[in-house]
Amino acid sequence: MIKDIQERILKLKKENDVCILAHCYQTHDILEVADFVGDSFGLAQQAAKAPNKTVMMCGVRFMAETVKILCPEKKVLLPEAEAGCPMAEQLDREMLLQLKERYPGYAVVAYINTTAELKTLCDVCVTSSSAKKIIERMPEEKILFIPDKNLGGFIAKQCPEKDIVTVQGCCPTHARFTAKDVDRAKAAHPNALLLVHPECSAEVVDKADFVGSTTEIMSYAKKSNKSEFIIGTENSIVQHLGIDCPEKRFYALSKDFICHNMQLTKLVSVLHCLEGVGGEEIVLDEQTRLAAKRSIDRMLELGNG
Ligand code: 13P
Ligand code: SF4
């Protein structure tokens, strides 16, 4: 049955010249039909060079908006219209304008998990895999980092030469796990290394053996000569690693480590969207797109290479 749906997807995407981009948090059956799988930075890089007329983003809304910002001439599809990132909605335009007034002279660095509207007011975007490199390369010393205080705090510790101010915002999926959850998982799997995403709270990150983006966690586990790992990010990564490395053991930090927004998109959502009976085409007004593009262009410029 899954194979049948996948075959129909592959046929339709070829007939209609569609490029399927998938974030690593999508289920394995979706990754198998994608042209590219990656973290937020890799997806933005790929969007900028996809040759197809249509790009389908299997992930959440801000990722599809990033594609549209970079490729206005392409049709950009989000297979499940409800798939948003709650962190991206935590700050609105008014709140950011107030923050900018409170911190005059600070460059605004936005985690890419923000709306296109908010990006129009930011100097540069970053992702979890590119934030340190980009902030180090920026000439500005004073930085207002929005909206993830956990990622911002993690980067601030690594860039002591910068004055980094963070605000109250976080990923509800990652931020709720505590040192106690880590202690419980380590007691159950004493030989396992702990690999976590920097959206986790500082008390979890402090206990980790490795901290990185979704693709960085996967490649660390694949290359490691160790054989057991506790995964401190969305549980889809546990599934992918188990399939890619059957000789190793992967344990979830918690069985509840689930991003319900990312998991809204099912294989059948991809099929229905290709058939034109589901999903949403992303539309941005040109003024917003151009203003938001500056911060994405600067991210690609400073983050590449
Ligand atoms: P990555 O850039 O690490 O893939 O993170 C995206 C995300 O939303 C993590 O929660
Ligand atoms: Fe947003 Fe968190 Fe889900 Fe990532 S895991 S998409 S940051 S809610």
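Everything discussed here concerns the structure shown above.
First, a word on scope: everything that follows refers to the structure included in this document. This is a predicted model, so every value here is computed, not measured. (Residues numbered from 1 in each chain as written. Chains lettered and ligands numbered in written order. Predicted model: local features only at pLDDT ≥ 70, side-chain atom pairs only at ≥ 80, totals over all residues. Heavy atoms only, no water.)

Topic: the overall build of the protein
- Secondary structure summary: the protein contains 14 helices and 13 strands in total.
- For the protein, whose C-alpha radius of gyration is 19 Å, the value lies close to the compact-globule estimate of 19 Å for 305 residues.
- Along the first, second and third principal axes, the C-alpha set of the protein runs to 55 × 55 × 30 Å.
- Within the protein, the fraction of its 305 residues that count as buried is 56%.
- Considering only residue pairs separated by 6 or more positions, the protein has 62% of its internal contacts joining residues 24 or more positions apart.
- A total accessible area of about 13,300 Å² is found for the protein, and carbon and sulfur atoms account for 50% of it.
- Here the protein holds 38 positive side-chain charges and 43 negative ones, and the gap between their average locations is 3 Å. (Helix = DSSP H or I, 4+ residues; strand = E, 2+ residues; numbered from the N terminus. Rg over C-alpha atoms; globule rule 2.2 N^0.38 Å. Buried < 20%, exposed > 50% of the residue type's maximum accessible area, 1.4 Å probe, protein only. Contact = heavy atoms within 4.5 Å. Areas by Shrake-Rupley, 256 points an atom, 1.4 Å probe, with all protein chains shown as cover. Lys, Arg positive; Asp, Glu negative; His and termini not counted. Charge placed at Lys NZ, Arg CZ, Asp CG, Glu CD.)

So, the layout of surface pockets
- For the largest pocket, the calculated volume is near 170 Å³.
- Along its surface, the largest pocket is lined by 13 residues, and Asp-39, Phe-41, Gly-42, Ser-129 and Thr-215 are the ones closest to its centre.
- At the level of elements, strand S2 (36-38), helix H3 (40-49) and helix H11 (214-223) are the ones that each hand at least two residues to the lining of the largest pocket.
- In terms of residue class, the lining of the largest pocket is built from three nonpolar, seven polar and three charged. (1 Å grid on protein atoms, 1.4 Å probe; cavity = no way out; pocket = protein on both sides within 12 Å on 5 of 7 lines; lining within 4 Å. Points joined across faces, edges and corners; volume = space filled by probe spheres on them. Nonpolar A, V, L, I, M, F, W, Y, C, P; charged D, E, K, R; others polar.)

Observations concerning the packing of helix H4 (residues 61-70) against helix H14 (residues 286-303)
- Packing of H4 against H14 brings their axes to within 9 Å, and their N-to-C directions diverge by 95 degrees. By the angle between their directions, the pair H4 and H14 is classed as roughly perpendicular. Each of Thr-66, Lys-68, Ile-69 and Leu-70 in H4 lies in contact with H14, whose residues at this interface are Arg-289, Ala-292, Lys-293, Ile-296, Asp-297 and Leu-300.
- Of the residues contributing to the contact of H4 with H14, the split by class is five nonpolar, one polar and four charged. (Axes fitted to C-alpha atoms, helices over the stretch in contact; angles between N-to-C directions. Parallel < 35°, antiparallel > 145°, perpendicular 65-115°, else oblique.)

Focus: the pairing of strand S11 (residues 228-232)
- Of all five residues in S11, five are buried; the element is thus mostly enclosed.
- In this sheet, strand S12 (residues 249-252) lies alongside S11 in parallel orientation, the contact comprising four bridges. Bridging from a neighbouring strand, Glu-228 pairs with Arg-249 of S12.
- Remark: the S11/helix H12 (residues 236-244)/S12 crossover connection has right-handed handedness. (Pairing = 2+ DSSP bridges. Right-handed = clockwise from strand over helix to strand, strands pointing away.)

So, the sheet that holds strand S6 (residues 124-126)
- Read from one edge of the open sheet, four strands run S6-S5-S7-S8, paired in parallel fashion. Either end of the sheet is taken by a strand with one partner, and the two such strands are S6 and strand S8 (163-166). Ignoring strand direction, the axes of neighbouring strands in this sheet form an average angle of 30 degrees.
- With four bridges connecting them, strand S7 (residues 142-146) and S8 associate as parallel partners. Its bridge partner lying in S8, Ile-143 is registered against Ile-164.

Some words on the pairing of strand S3 (residues 54-58)
- For S3, a buried count of five out of five residues is recorded, marking the element as mostly surrounded by other parts of the structure.
- Burial of S3 is two-sided: the residues Thr-54, Met-56 and Cys-58 facing one way and the residues Val-55 and Met-57 facing the other way are all buried.
- Strand direction decides the pairing type here: strand S1 (residues 18-23) and S3, joined by five bridges, are parallel. Following the sheet pairing, Val-18 is matched in S3 by Thr-54.
- In this sheet, strand S4 (residues 75-78) lies alongside S3 in parallel orientation, the contact comprising three bridges. Within the sheet, the bridge partner assigned to Val-55 lies in S4 and is Val-76.
- Handedness of the β-α-β unit built from S3, H4 and S4 comes out right-handed.

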